[in-house]
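Descriptive structure summary
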Amino acid sequence: MNFKAFTAIAVCKLLRLLSRLLHRGGTAMPGRIALKICPELLGILSKDVKTVAVTGTNGKTTSARMIEEAFALADKSYFSNKSGANLISGITTEFVMNCSLSGKMRKQYAVIECDEAAARKVFGELQPQVIVVTNLFRDQLDRFGEVTHTLENIKEGILHAPNALCCLNADCSLTSSLALDVPNRIVYFGINKSAAGNNSPSDISDATHCIRCKTEYEYSYISYGHLGGFRCPKCGYCRHDAQYEAVDILEREADHSTVIMDIKGSRSLVRINLPAMYNIYNAAGAMAAVCEMGIDSETAVKALGLFKCGFGRMEQFSLGNAGAKMMLVKNPAGCDQVIDFLGNLKEKFCLVICLNDRSGDGTDISWIWDADFEALSQMGGRLQKVVVSGDRAADMKVRIKYAGIPEENVLVEKDYEKLVDFMEQQNDAVFIMPTYTAMLDLRTHIIDRCGGAEFWE
């Protein structure tokens, strides 16, 4: 190892230690400085590590946590960027913190969540064994641009890692199209028609027309958004058969789902330790990654029933008489899935929506007008109160008003300490829908009050 790499590792470790002593996290900054000293550091450290990389618009953190649980059960020596620092700086920090000063890696495997825009650079450095692409939706237009631009970023990254096996979402016409342009071996995951139900096409669709010939897709079924049994009537581009897919949904409860999953022709009963349709997709993608890394399907099935969600992703807190659950939202498709989950609840609840427009959230908040907040007004007496907070609370209040929620049922509270007081006083369950930076801020106040792990733990 050269002197630049040694210096970068030493500086990174020191900065991480100082950051943790100051309770600052130190997830990305140390790696950023290390890369300035030695730009090729990540490639140097990752060459002897077998890596699973997870990218896509929604579900990266949850999918990675599912894969981690299987690695733990299989007694694999692994590490991950559990904090969610998924740019090249944060990923580099995690590699440095898992190596010696001489650059020798202490673990054999890594489970790495990777930002979609960062994939074009990171995949070439990591040379992962497996790449999972969860889905592609419109997200943070100020940063990512159109969804096809995000697709190009991921495609470029995969082209720089031609030996990686790619696990692609068969139901996402955008994600599946990657197979048309890369040399990699491909496996598919998804939810088939018998499990998806009879959902009608969404008004919000990020892929209405064929990515090859621009003809409008026909659908045999829809799970949500533009995911489902798509087919182009002109050129024939269509949903690929999936080797890993949910073929029946037996239960969709408030804290879990139970499905029958086809795993390369063998069917298993799978309990997924999170609710909602999008987590069934995450489970199928994680199953594909784990099995393709050589771990047996029985261990993977057990992991899906045991794993704990990442911070802010259906995270439970002992707050108030019935508890509080935090569910990160950042785009219309993900927001609609959370609202759909709330619509299936049987008990009364309060809803807290925290909207920020900082760089980590996306500065363009126009997406709130595309999300189906109108569905909240159809929940009747089960929805007791809506509280809006965050930097753009006033905008969120207007959106909720036009969604048909009576004004007397809407409260504005921008002070997070007072907001936590409110949640602590509730007899009904509280569900929190924050954008990313709002989640970090509010979560700090919550764990100060009722305990919990720091976001990087």
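In what follows, the structure referred to is the one given above.
Residues numbered from 1 in each chain as written. Predicted model: local features only at pLDDT ≥ 70, side-chain atom pairs only at ≥ 80, totals over all residues. Heavy atoms only, no water.

1. Here's the deal with unusual backbone geometry
Here is the rule: Secondary structure elements are defined from DSSP: runs of H or I of at least 4 residues count as helices, runs of E of at least 2 residues count as strands, and each element is numbered from the N terminus. For the exposure calls, accessible area comes from a 1.4 Å probe over protein chains only, and a residue counts as buried if that area is under 20% of its type's maximum, exposed if over 50%, partly exposed in between.
We note that D75 has phi near 60°; this positive angle belongs to a residue other than glycine. You can see D75 is positioned in the loop between α4 (60–73) and β2 (78–80). Overall, the relative accessible area of 70% leaves D75 in the exposed class. Here K264, not a glycine, exhibits a phi torsion of approximately 55°, which is positive. Looking at where K264 falls in the secondary structure, it is placed in the loop between β10 (257–263) and β11 (266–272).

2. Digging into a nonpolar patch on the surface
To keep things clear, this is the line we draw: What goes into a patch is any residue over 30% in relative accessible area without a salt bridge, connected to like charges within 9 Å or, for nonpolar side chains (Val, Leu, Ile, Met, Phe, Trp, Tyr), within 5 Å. For accessible areas, the Shrake-Rupley method is used with a probe of radius 1.4 Å. Any residue's cover is judged against the shown protein chains and nothing else. When a carboxyl oxygen of Asp or Glu is within 4 Å of a side-chain nitrogen of Lys or Arg, the pair counts as a salt bridge.
The grouping of L14, L17, L18, L21 and L22 at the surface amounts to a nonpolar patch, some 520 Å² of accessible area in total. Within the secondary structure layout, L22 lies in the loop between α1 (3–21) and α2 (29–37).

3. What to know about the environment of D428
Our working definition: Pairs of residues are marked as contacts when any of their non-hydrogen atoms sit within 4.5 Å.
With respect to the secondary-structure elements, D428 resides in the loop between α15 (416–424) and β17 (429–434). We classify D428 as partly exposed; its relative accessible area is 25%. Not counting the four nearest positions on each side in its chain, D428 is found in contact with A322, K348, F349 and Q384.

4. A closer look at the packing of aromatic side chains
Filter applied, for reference: Under the pairing criterion, centres of Phe, Tyr and Trp rings, with the six-membered ring standing for Trp, must be within 6.5 Å; the plane angle then separates stacked pairs below 30 degrees from edge-to-face pairs above 60, leaving the rest tilted.
Evaluation of the coordinates by the stated rule reveals 12 aromatic pairs. Judged by centre distance (6.4 Å) and plane angle (50°), the rings of Y217 and Y237 are tilted. Note that Y217 is positioned in the loop between α10 (193–196) and β7 (218–224) and Y237 in the loop between β8 (227–231) and β9 (244–252), a separation of 20 residues in sequence. Look at Y217 and you get buried, because its relative accessible area is 6%. Residue class for Y237 comes out buried when judged on its relative accessible area of 6%. Three or more aromatic residues joined by ring pairs make a cluster, and in this case those are Y217, Y219, F230 and Y237.

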